[in-house]
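Understanding the architecture of this molecule
Given next are the chains, with one letter for each unit.
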Amino acid sequence: MVGQKWSCSSTSQISQQFATELRYGKAETGQREHGAKPGDLIEIFRQHYQHWAVYVGDDEVVHLTNTGHCSSGISCRSSGQVTRDNIWIVVSSDKFKINNLLDHKHMPRETRVIVKEACDMVGQPVSYSLTTHNCEHFATELRYGKATSRQNSGPLFFAGLLELSHIGGFSSVNYRQMCEVNSELRRKDTKWRKLPHMGQTLHGAKPGDMIEISRGMYEEWAVYVGNDEVVHLTLKGQKPIVKCSNIWELAGSDPLKVNNLLDKECNPRKPDDIVNEARQMVGKEWSCSGDSGIPEHFVRELRYGKAESGQRQHGAKPGDLIEIERGMFQHWAVYVGGDAVVHLTNLGSGISGSSGTSGNMLEQVADLGQVTRDNIWEVISSSCFKVNNLLDEDYEPHDPKVIVKEALAMVGQKLSYSVASFNCEHFATVLRYGKPESRQVKTAAVIGGVVGVGLGVALIGSLLKDDDKRERRHHK
């Protein structure tokens, strides 16, 4: 089909229809079953709202589509058009159901009347308004003679704004406009005043909850303090300052979620204590003992107290190996009891050498390392971790007393640090098993050999530089 013109019965979602027809055959084959009868209403679940259509028979539906852009103000009027499309093209990959939602309140009109009026309207331009005439109003008016929409009778009304944005996010919808609509509806409609404020049903946060906002390459963290407000850190110059912001203005178009990530390991403080302390800190500079994961440290300490409080449980026994996730690599340590670990840290400056194959590069990377004993929580910081005696099935582990004694005896020693032959994982495994092994080196070598030097260098660089930055800060 390359180079040929492809005909499509609908102008919407052309690329998806093309791909699905190639994989599964024509969408019109009828392999899927909808069970609808002429005159039925079809509710289709989009990501943040529901689209509505009227089934008119022969696998076709009539529905109102928005073809324009929302103007300012509560009316949010734009242009719409009534179209007739194949039901599977409209449904696409979304979930759907037959939902004659008002049959218990209103007598449906005759089927032939519903179908005739729906088909007669096809192609007509129609005014589209979120508040007075959206796709649900259109469908219910055809079936019952009464235009009704549940989507603009509560907080879900705001999710309907996404239908106008065309991109599935809040970025194209002005936040102040949403607030204006919300306030005006509350003033005019007493039922609306009883509903949660805008956003509460969308983020689901309770006072004291931790909010994680995904920024793509990193996560931003905040503490929810009620009334759609969060307390978080912002940089003023090079200083982290505590700030209170509206949750949606802070998130912008980025996805957010409630993530009380340590609740299974720690007992959170009382919500009132979290909120009161957070609000009292607004405007002040926040000091942190570490230089990474500062926003997360801030919200963790608000919710759980200081990381050093010992509320978290690690479950390690003396001699166990601790694997700590550091993004592109894992850091390894040996637990020696008393909430302390012994581990090898890199004291060097990173990758040496500038050319050669990935294999040669692995051989060139070597620096100075030091064996240190630290509090387990300071080493773990905000990272995920687990006890992982990874080679117990392959080798007989040494006696825990021997492991601990040898580990402690090495504290303070400076050793040659090599990503290829003696990194933190080699150090940990030689203490437990007497054999230095590192899965990370094998992985890096495979990556370097398959996709070239660039990605191999990136992985090796992260092993050195991140290890250096995260671990040396405990010994400044």
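Right above here is the structure, for reference.
Every chain begins its residue count from 1, and numbering advances along the sequence as written. It should be noted that, the model being predicted, local features are given only for residues of pLDDT at least 70 and side-chain atom pairs only at 80 or more, the latter also being counted only at that level, while totals for whole chains, interfaces and linings use all residues. As a rule here, side-chain values come from all non-hydrogen atoms in the structure, and water together with hydrogens is ignored.

1. Brief notes about the sheet that holds strand β9 (residues 229-236)
- Sheet architecture is open: 5 strands sit in the order β10-β9-β8-β7-β11, paired in antiparallel fashion. Each edge of the open sheet carries a strand with a single partner, namely β10 (239-246) and β11 (256-258). Strand-to-strand twist in this sheet, taken as the mean axis angle between neighbours without regard to direction, amounts to 35 degrees.
- Here a strand pair is declared whenever DSSP counts at least two bridges between the two strands. A run of H or I in DSSP counts as a helix once it spans at least four residues, and a run of E counts as a strand once it spans at least two, with each numbered from the N terminus. Looking at chain direction, strand β7 (residues 210-214) and β11 are connected through 3 bridges and run antiparallel. The partner of Glu212 across the bridge, within β11, is Lys257. Only the contacting stretch of a helix is used when fitting its axis, a line to C-alpha atoms as for every element, and angles between N-to-C directions run 0 to 180 degrees.

2. Considerations on the nonpolar core
- Core analysis: the biggest nonpolar cluster contains 21 residues, and Leu321 and Phe427 have the highest contact counts within it.
- Looking at this core, the elements with two or more residues in it are β13 (330-337), β14 (340-346), α14 (400-409), β17 (414-418) and α15 (424-433).
- The greatest single-element share of this core, amounting to 5 residues, is contributed by α15.
- Side-chain atoms within 4.5 Å link the members of a nonpolar core, which is a set of buried Ala, Val, Leu, Ile, Met, Phe, Trp, Tyr and Cys residues. Relative accessibility decides the category of a residue: with a 1.4 Å probe and only protein chains considered, values under 20% of the type maximum give buried, values over 50% give exposed, and everything between is partly exposed. One finds Trp52, Val54, Val56 and Val82 within the second-largest nonpolar core, a separate group that totals 19 residues.

3. Here we look at the pattern of salt bridges
- A side-chain nitrogen of Lys or Arg and a carboxyl oxygen of Asp or Glu constitute a salt bridge if their distance falls within 4 Å. Summed over all chains, the structure comprises 17 salt bridges.
- The residue Lys116 makes a salt bridge to Asp120 at a minimum N-O spacing of 3.1 Å. Taken as a pair, Lys116 and Asp120 lie in helix α3 (residues 111-120) at a separation of 4 residues, close to a single helical turn.
- On the accessibility criterion, Asp120 (45% relative accessible area) is partly exposed.
- Residue Asp209 pairs with Arg303 through a salt bridge whose shortest N-O separation is 3.8 Å. In this pair, Asp209 is assigned in the loop between α8 (200-203) and β7 and Arg303 in helix α11 (residues 294-304), connecting sequence segments 94 residues apart.
- Residue Asp209 is classed as buried on the basis of its relative accessible area, which comes to 5%.
- Members of the salt-bridge network, linked through shared partners, are Lys206, Asp209, Asp263 and Arg303.

4. Quick notes on the packing of aromatic side chains
- Stacked, edge-to-face and tilted labels apply to pairs of Phe, Tyr and Trp rings (six-membered ring for Trp) whose centres lie within 6.5 Å, assigned for plane angles under 30 degrees, over 60, and everything in between, in that order. Across all of its chains, the model carries 4 aromatic pairs by this definition.
- Measuring from ring centre to ring centre gives 5.7 Å for Trp88 and Phe96, while their planes differ by 80 degrees; the resulting arrangement is edge-to-face.
- Here Phe96 falls in the partly exposed class, since its relative accessible area comes to 22%.
- Aromatic pair Tyr395 and Tyr433: ring centres 6.2 Å apart, planes at 50 degrees, arrangement tilted. Placement of Tyr395 in the loop between β16 (385-387) and α14 and of Tyr433 in helix α15 is noted, with a sequence separation of 38 residues between them.
- Accessibility expressed as a relative area gives 24% for Tyr395, which makes it partly exposed.
- Overall, the relative accessible area of 5% leaves Tyr433 in the buried class.

5. Focus on unusual backbone geometry
- The backbone of Asp58 sits at a positive phi, close to 55 degrees, despite the residue not being glycine.
- With relative accessibility at 71%, the residue Asp58 sits in the exposed group.
- Unusually for a residue other than glycine, Asp228 sits at a positive phi of about 60 degrees.
- By the element assignment, Asp228 lies in the loop between β8 (219-226) and β9.
- Overall, Asp228 belongs to the buried group, its relative accessible area being 6%.

6. A closer look at the environment of Glu220
- With respect to the helices and strands, Glu220 occurs in strand β8.
- For Glu220, a relative accessible area of 14% corresponds to the buried category.
- We call two residues in contact when some of their heavy atoms are within 4.5 Å. If near-sequence neighbours (up to four positions away) are discounted, Glu220 is found in contact with Ile211, Glu212, Ile213, Arg215, His232, Leu233 and Leu250.

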